[in-house]
Amino acid sequence: MGSESAHKRVVQGKIVSIAGDKSPVMLVERRVVHPKYRKIVKRFKKYIIHDEENKAKVGDVITAIECNPISKRKAFKLKEIVTLGVSE
């Protein structure tokens, strides 16, 4: 076996809210083919991300990488901010 760690999932999505300190909520959208109607439909899932430096703001598009569980619902860390959201 090598010293490399196992493959980590990387997800990209948009910050929709802030759940608490260092915990933004990211919405990930994926498109799948409906099994019966053969139409492309959107599926959504929310992830709570660990952001150590509180850099992510609502509206930002970010990528997150899987990590060891930090709490009951947090198992992803902020990897990078792809685009900044509209600041008001």
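The structure displayed is predicted, hence computed values, not measured ones.

Caption draft 1: The arrangement of the overall build of the protein in detail. The helix and strand tally for the protein stands at zero helices and five strands. Counting from the amino terminus, helix and strand elements in the protein follow one another as β-β-β-β-β. Oriented by its inertia axes, the alpha-carbon framework of the protein measures out at about 50 × 45 × 25 Å. Counting the 88 residues in the protein, one finds 26% classified as buried. Restricting to contacts in the protein with at least 6 residues of sequence separation, those with at least 24 account for 46%. When the accessible area of the protein is evaluated, it comes to approximately 6900 Å², of which 51% is carbon and sulfur surface. Put simply, the protein has 20 plus and 10 minus side-chain charges, and the middle of one group is 12 Å from the middle of the other.

Caption draft 2: Region of the structure containing unusual backbone geometry. At K22, a position not held by glycine, the phi torsion is positive, near 65°. Along the chain, K22 turns up in the loop between strand 1 (10–20) and strand 2 (23–33).

Caption draft 3: Region of the structure containing the sheet that holds strand 1. One closed barrel holds the five strands; their spatial order is 1-2-3-5-4, and the pairing between them is mixed. Between one strand and the next, the sheet's axes are offset by a mean angle of 50°, whatever the strand orientation. Bridging between strand 1 and strand 4 (residues 61–66) involves five bridges; their strand directions are antiparallel. Note on strand 4: the bridge partner recorded for Q12 is T63.

Caption draft 4: Region of the structure containing the pattern of salt bridges. In the structure shown here, the tally under the stated rule is four salt bridges. Between E66 and R9 there is a salt bridge, and its shortest N-O distance comes to 3.8 Å. Of this pair, E66 sits in strand 4 while R9 is found in the segment before strand 1, placing the two residues 57 residues apart along the sequence. By relative accessible area, which is 27% here, E66 ends up partly exposed.

Quick notes on the rules
Position numbers for residues start from 1 in each chain and track the written sequence from start to end. Only residues with pLDDT of at least 70 get local features here, since the model is predicted, and only at 80 or more are side-chain atom pairs given and counted; chain-wide, interface and lining totals rely on the full set of residues. Only heavy atoms go into the side-chain values, all of them from the structure, while hydrogens and water stay out. Counting from the N terminus, the helices are DSSP H or I runs at least four residues long and the strands are E runs at least two residues long. Remark: exposure states derive from per-residue accessible area (1.4 Å probe, protein chains only) relative to the maximum for the residue type, with buried under 20%, exposed over 50%, and partly exposed in between. In what follows, a contact means two residues having at least one pair of non-hydrogen atoms within 4.5 Å. Using a 1.4 Å probe, accessible areas were evaluated by the Shrake-Rupley method; residue-level cover was limited to the displayed protein chains. We score Asp and Glu as negative and Lys and Arg as positive, and we do not count His or the chain ends. Just so you know, the charge point we use is NZ for Lys, CZ for Arg, CG for Asp and CD for Glu. For two strands to be treated as a pair, DSSP must find no fewer than two bridges joining them. Orientation is described by lines fitted to C-alpha atoms, with helices fitted over the stretch in contact, and by angles between N-to-C directions that extend from 0 to 180 degrees. By convention in these notes, a salt bridge is any Lys or Arg side-chain nitrogen within 4 Å of a carboxyl oxygen on Asp or Glu.

Just distances and angles here, no functional claims.
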